[in-house]
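Okay, here's what each chain looks like letter by letter:
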Amino acid sequence: MLKVIDSAVPVACWACSVAHNDSTLFCPHCSKIQPPPESDYFQVLGLQRGFQVDLDALEREFHRLSRKVHPDRFARADENERQWSLADTALLNDAYRTLKDPLFRTEYLLKLEGAEIGEEHAGKDRKGQSDPSRVPADLLEEVFELNMQLEEMRMARSTGEIDSVLENGLVLAKKKFESLLAAVDLDLRTEWKAWDTGDAAARKTSEKSMVALLDRRRYLRNLVRDVTETLGA
Amino acid sequence: MAYSDKVIDHYNNPRNVGQLDKASTEVGTGLVGAPECGDVMRLQIRVNPETQVIEEAKFKTFGCGSAIASSSLATEWIKGKTVSDALEIKNTDIVKELSLPPVKIHCSVLAEDAIRAAIGDWKKKNGVSEPAAVAAAQSAH
């Protein structure tokens with residue numbers, strides 16, 4: 001699980017004992033490699049916390065740090081430093097992969113901000129009561145119908161039947177869900193901007209919207225995937 | 001992750017899969033979904049208007065093995081119970097019976113929601129009003 005640590009808490013460098021904030025892979029004073037910091041990915045990669053990320057800066061900093069912590073450079077260092085270069089490299093790769101992908105980044109930052117998302121939190125809010133407001137009700141009926149059609153289609157396929165009416169219906173449904181997915185992505189972008197530029201209250205509203213949008217997106221993505229699979233079978 | 005034997009049994013031989021006439025006044029339909037995994041579950045009950053006993057229960061679930069097993073078990077349990085007894089079933093009972101791991105608890109929550117939704121729909125159709133149920137149904141919209 002994520003640990004959110006106050007980055008203002010200083011840590012002493014193992015080599016020179018000078019205190020530094022715990023987000024750095026190298027001591028600013030003596031330049032020695034440090035154990036993997038407990039700070040968040042944004043701090044590790046020197047980025048401001050936000051949903052919109054300067055991808056060029058991310059790329060640059062990742063490559064710069066990757067070269068610096070590369071295990072090859074620590075082949076003759078002592079055991080601790082060798083281990084840290086491995087661990088720092090792994091951390092750096094995780095941080096880069098997470099922040100580069102817009103959806104991973106959104107989920108990661110929402111979790112950092114304390115939002116409960118993902119399967120492990122489902123239905124556990126409000127003391128184990130499920131929260132009906134989180135279910136995209138307008139979608140449910142459609143999702144169910146589509147799943148019925150998909151099942152029918154698979155059954156027809158398995159007996160060698162070709163039902164062109166059914167197939168055309170699914171092609172249309174796929175287009176529709178793909179455009180809904182695009183609309184969700186557009187809405188997410190709007191929320192990113194609102195959060196990055198908003199005050200605390202605006203951010204809370206935005207976080208809620210984003211959690212709901214991600215739920216909706218998961219539904220739609222699964223549907224598009226299932227329809228594509230069935231049509232392509 | 002390994003499924004328990006009971007989950008596998010319900011998954012391979014799901015009980016009470018099917019559909020009841022949605023338009024009948026004796027039938028209540030609950031359609032619920034879990035946005036986290038994209039599962040969708042429909043649970044229907046046919047209630048004897050004299051005795052308030054659930055005489056028939058059917059489900060259709062699109063989702064993982066645990067979701068199918070949870071809804072299959074739910075229909076088994078509510079059959080033969082009165083409406084008010086069926087409302088006593090908790091998702092934790094399902095978790096225990098099926099030995100669901102923590103990441104699959106939401107499947108049992110979904111099954112409990114489906115029972116409540118189906119009973120709620122039946123009550124609405126038959127003019128049975130319960131302050132708590134009405135409030136819950138309204139807050140869902």
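Notes on the structure follow. Bear in mind the structure is a predicted one, so any value in this text is a computation, not a measurement. (Residues numbered from 1 in each chain as written. Chains lettered and ligands numbered in written order. Predicted model: local features only at pLDDT ≥ 70, side-chain atom pairs only at ≥ 80, totals over all residues. Heavy atoms only, no water.)

### Quick notes on the environment of B:Glu97
Residue and element names in this part refer to chain B.
Here is step 1 of the chain: Residue position: Glu97 is located in helix α4 (residues 91–98).
Here is step 2 of the chain: Here the alpha-carbon distance between Glu97 and Val7, two residues 90 residues apart in the chain, equals 9.2 Å.
Here is step 3 of the chain: Leaving out residues up to four positions away in the same chain, Glu97 has contacts with Lys6, Leu73 and Trp77.
Here is step 4 of the chain: Within the local environment of Glu97, its side chain forms a polar contact with the side chain of Lys6, the two groups lying 3.4 Å apart. (Helix = DSSP H or I, 4+ residues; strand = E, 2+ residues; numbered from the N terminus. Contact = heavy atoms within 4.5 Å. Polar contact = N/O pair within 3.5 Å; in protein donor to acceptor, adjacent residues only side chain to side chain.)

### Overview of the pattern of salt bridges
Here is step 1 of the chain: Throughout the structure, instances matching the rule amount to 24 salt bridges over all chains.
Here is step 2 of the chain: Taking the shortest distance from any N to any O, the salt bridge between A:Arg64 and A:Glu61 comes out at 2.8 Å. A residue pair is termed a helical-turn pair when its members lie 3 or 4 positions apart in one helix, as A:Arg64 and A:Glu61 do in helix α2 (residues 55–69) at three residues.
Here is step 3 of the chain: The shortest N-O distance in the salt bridge between A:Arg82 and A:Glu79 comes to 2.6 Å. Of this pair, A:Arg82 and A:Glu79 both sit in helix α3 (residues 79–100), three residues apart, which is roughly one turn of the helix.
Here is step 4 of the chain: The network of salt bridges with shared partners includes B:Glu26, B:Arg46, B:Glu55 and B:Glu56. (Salt bridge = Lys/Arg side-chain N within 4 Å of Asp/Glu carboxyl O.)

### Examining unusual backbone geometry
Here is step 1 of the chain: Here the phi dihedral of A:Ser31 falls at roughly 65 degrees; this positive angle occurs in a residue that is not glycine.
Here is step 2 of the chain: Take A:Ser31: it is sitting in the loop between β2 (19–21) and α1 (41–44).
Here is step 3 of the chain: Look at B:Asn16: it is not a glycine, yet its phi comes out positive at around 60 degrees.
Here is step 4 of the chain: Within the secondary structure, B:Asn16 is located in the loop between α1 (5–12) and β1 (27–34).
Here is step 5 of the chain: The class for B:Asn16 is buried, based on a relative accessible area of 16%. (Buried < 20%, exposed > 50% of the residue type's maximum accessible area, 1.4 Å probe, protein only.)

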